[in-house]
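Given next are the chains, with one letter for each unit.
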Amino acid sequence: MWRIGAALGITGAASANYLLHKNENTGRYQLLIIPEFILDMLCKVAKAQLEKNQAIIEHDKKVYQCISEISSTITQHIDSKKTWNLTVIDSKVVNACALSDGSIYVYTGLVDLVEEPEELAFIMCHELSHVILNHTAEKVSVRIFVYLLWQLVIFYFIGGDLDLSFIKDLLVNLPLSRAAETEADIQGLKLMYKAGFGVQGAVEMMKKFKELDMEGSSALLATHPLSKDRSEVLKSEIKKIGENSSKVVENLKIRKLFKDAKSEIKENKESKEEILQTSPA
Ligand SMILES: [Zn+2]
């Protein structure tokens, strides 16, 4: 096993210069050494973990239809051959994520938190921007590269076997770099503007996140920089967009679906509370 690791490490070190890709959206060089089919395999494992023991919302529910409409309004403005595939999870958890294979996950807890569709649109644009900007591929590549180099140092100078068990850790939710998060915020803002959503929704979303930052209760925020800092970056980017930044969603279909989705979530919550109150202690 160590020979495979050593070979991979040496190959990785030697070829790193040739595997730096300039991202055309950000101008930043990224180390991308993981082939797409391996990323797809990792995504399959991650998807199984994300959906394990979770209640998946049916496609005929208003909340699914609302998020699906927002999602397709955004993805039609993304220049990619990916097939986007939405899953909505019925959970109080405030979370959303997008995997590099095009899978999108949104938790109903996030829809419950937001007050306007633009706020939800911003979070989805942010998560989709991580995919567009190859952030997951970069994170996995950097960690594998650094880890293999470290293992080679141990192997040659200290002695011992190479340990490749770290690969399983790549399947859990490791945070991205701060630079990647800022890039996703800026790209997400541009994307939501292109898709016709009012960009003030991003600032409103950060106001809500600031309160959650203090509670420390959101899964989404545990892997992201402080909302106060993100808010400053977003406000300065909005200034660059100028007077059109106050444009709100013209899409009446989304407005109607959003209202229905909020009512559906409220009814669901009330009926769950009723069951809890009437069930014997
Ligand atoms: Zn992020």
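Details of the structure are given in the entry above.
The written sequence of each chain sets the order in which its residues are numbered from 1. Restriction of local features to residues with pLDDT of at least 70 applies here, the model being predicted, together with a cutoff of 80 or more for giving and counting side-chain atom pairs; totals for whole chains, interfaces and linings are based on all residues. Calculated side-chain values reflect all of the structure's heavy atoms, with hydrogen atoms and water omitted.

### Notes on the overall build of the protein chain
And step 1. A run of H or I in DSSP becomes a helix once it reaches four residues, and a run of E becomes a strand once it reaches two; helices and strands are each numbered from the N terminus. Within the protein chain one finds 11 helices and 6 strands.
And step 2. By the burial criterion, 46% of the 281 residues in the protein chain qualify as buried.
And step 3. When checking whether two residues touch, look at their non-hydrogen atoms; a contact exists if any pair is within 4.5 Å. Here the contacts in the protein chain between residues at least 6 apart in sequence split such that 71% fall between residues at least 24 apart.
And step 4. The protein chains shown are the only cover counted for residues, whose accessible areas, like all others here, come from Shrake-Rupley with a 1.4 Å probe. If you sum the accessible surface of the protein chain, you get close to 15,500 Å²; carbon and sulfur atoms cover 56% of it. Accessible area is worked out with a 1.4 Å probe on protein chains only. A residue is then buried under 20% of its type maximum, exposed over 50%, and partly exposed in between.

### Details of the coordination of the zinc ion
And step 1. Only nitrogen, oxygen and sulfur atoms qualify as donors, and only when within 2.8 Å of the metal (3.2 Å in the case of Na, K and Ca); with water excluded, sites may look incomplete. Distances from the zinc ion to its protein donors, His126 (NE2), His130 (NE2), Glu181 (OE) and His224 (NE2), fall at 2.0 to 2.1 Å.
And step 2. Working rule for geometry: tetrahedral if four donors all subtend angles between 85 and 135 degrees; square planar for four, octahedral for six, if opposite donors exceed 155 degrees and the others stay between 65 and 115; irregular in every other situation. What the 4 donor atoms of the zinc ion show is an angle range of 90 to 164 degrees at the metal, which sorts the shape as irregular.
And step 3. When the donors of the zinc ion are listed by position in the chain, the intervening gaps give H-x3-H-x50-E-x42-H. One end of the pair, His130, is in helix H5 (residues 117–132); the other, Glu181, is in helix H7 (residues 178–194), and 51 residues separate them in sequence. For the pair His130 and Glu181, a shared accessibility class is recorded, and that class is buried.

### Here's the deal with the nonpolar core
And step 1. Note on terminology: a nonpolar core comprises buried Ala, Val, Leu, Ile, Met, Phe, Trp, Tyr and Cys residues joined through side-chain atoms within 4.5 Å. Membership of the largest hydrophobic core comes to 48 residues, with the highest contact counts inside it found for Ile74 and Val106.
And step 2. Here the element with the most residues in this core is H5; it accounts for 8 residues.
And step 3. For Ile74, the residues in contact, after removing those within four places along its chain, are Ala121, Met124, Cys125, Leu128, Leu191, Ala195 and Phe197.

### Things to note about the packing of helix H3 (residues 62–75) against helix H11 (residues 252–278)
And step 1. Angles shown run from 0 to 180 degrees and are taken between the N-to-C directions of axes, each axis being a line fitted to C-alpha atoms and, for helices, limited to the stretch in contact. Viewed as axis vectors pointing N to C, H3 and H11 meet at an angle of 145 degrees, and their least axial separation amounts to 7 Å. You can see that H3 and H11 cross each other, and the crossing is left-handed. Facing H3, whose interface residues are Lys62, Val63, Gln65, Cys66, Glu69, Ile70 and Thr73, H11 presents Lys253, Ile254, Leu257, Phe258, Asp260, Ala261, Glu264 and Ile265.
And step 2. Polarity classes work like this: nonpolar for Ala, Val, Leu, Ile, Met, Phe, Trp, Tyr, Cys and Pro, charged for Asp, Glu, Lys and Arg, and polar for all others, with Gly in that last group. Among the residues making up the contact of H3 with H11, the classes are represented as 8 nonpolar, 2 polar and 5 charged. What makes a crossing left-handed is the near helix being turned counterclockwise from the far one by less than a right angle; a clockwise turn instead makes it right-handed.

### Regarding the packing of H3 against H5
And step 1. H5 packs onto H3 with a crossing angle of 55 degrees between their chain directions and a minimal axis gap of 10 Å. The angle between the axes of H3 and H5 places the two elements in the oblique class. When the axes of H3 and H5 are compared, the crossing they make is right-handed. In contact with Ile67, Ile70, Ser71, Ile74 and Thr75 of H3, H5 contributes Pro117, Leu120, Ala121, Met124, Cys125 and Leu128.
And step 2. Partitioned by chemical class, the residues of the contact of H3 with H5 number 9 nonpolar, 2 polar and no charged. Working definition: roughly parallel below 35 degrees, roughly antiparallel above 145 degrees, roughly perpendicular at 65 to 115 degrees, and oblique for all remaining angles.

### Examining the pairing of strand E4 (residues 85–90)
And step 1. A pair of strands counts as paired when DSSP detects no fewer than two bridges linking them. When strand E3 (residues 55–56) meets E4, the two strands line up antiparallel, connected through 2 bridges. Of the residues in E4, the one forming a bridge with Ala55 is Asp90.
And step 2. Two elements, E4 and strand E6 (residues 103–107), share 5 bridges in a ladder whose sense is parallel. Across the sheet, the residue bridging to Leu86 is Ile104, located in E6.

### Side note on a nonpolar patch on the surface
And step 1. Grouping into patches uses exposed residues only, defined as over 30% relative accessible area, and leaves out salt-bridged ones; the cut-off is 9 Å for like charges and 5 Å for nonpolar side chains (Val, Leu, Ile, Met, Phe, Trp, Tyr). Salt bridges are defined by distance alone: a side-chain nitrogen of Lys or Arg within 4 Å of a carboxyl oxygen of Asp or Glu. Judged by side-chain polarity, Trp150, Val153, Tyr156 and Phe157 come together as a nonpolar surface patch covering roughly 500 Å² of accessible area.
And step 2. With respect to the helices and strands, Trp150 occurs in helix H6 (residues 135–158).

### What to know about the environment of Ile186
And step 1. With respect to the element layout, Ile186 can be found in helix H7.
And step 2. Non-local contacts of Ile186, meaning those with residues more than four positions away in its chain, are made with Val233 and Glu237.

### A word on H5
And step 1. To estimate how far a helix should reach, multiply one less than its number of residues by 1.5 Å. Compared with the 22 Å implied by 1.5 Å per residue over 16 residues, the 22 Å span of H5 between its first and last C-alpha is a close match.
And step 2. Of all 16 residues that make up H5, 15 are buried, and the element is covered over most of its length.
And step 3. Asn134 sits one or two residues past H5 and shows a positive phi near 55 degrees.

### Description of unusual backbone geometry
And step 1. Unlike most non-glycine residues, Asn53 shows phi in positive territory, near 60 degrees.
And step 2. Looking at the element boundaries, Asn53 is found in the loop between helix H2 (36–51) and E3.
And step 3. Note on Asn53: relative accessible area 76%, which makes it exposed.
And step 4. The phi dihedral of Asn134 is positive, around 55 degrees, even though this residue is not glycine.
And step 5. Take Asn134: it is sitting in the loop between H5 and H6.
And step 6. The class for Asn134 is partly exposed, based on a relative accessible area of 33%.

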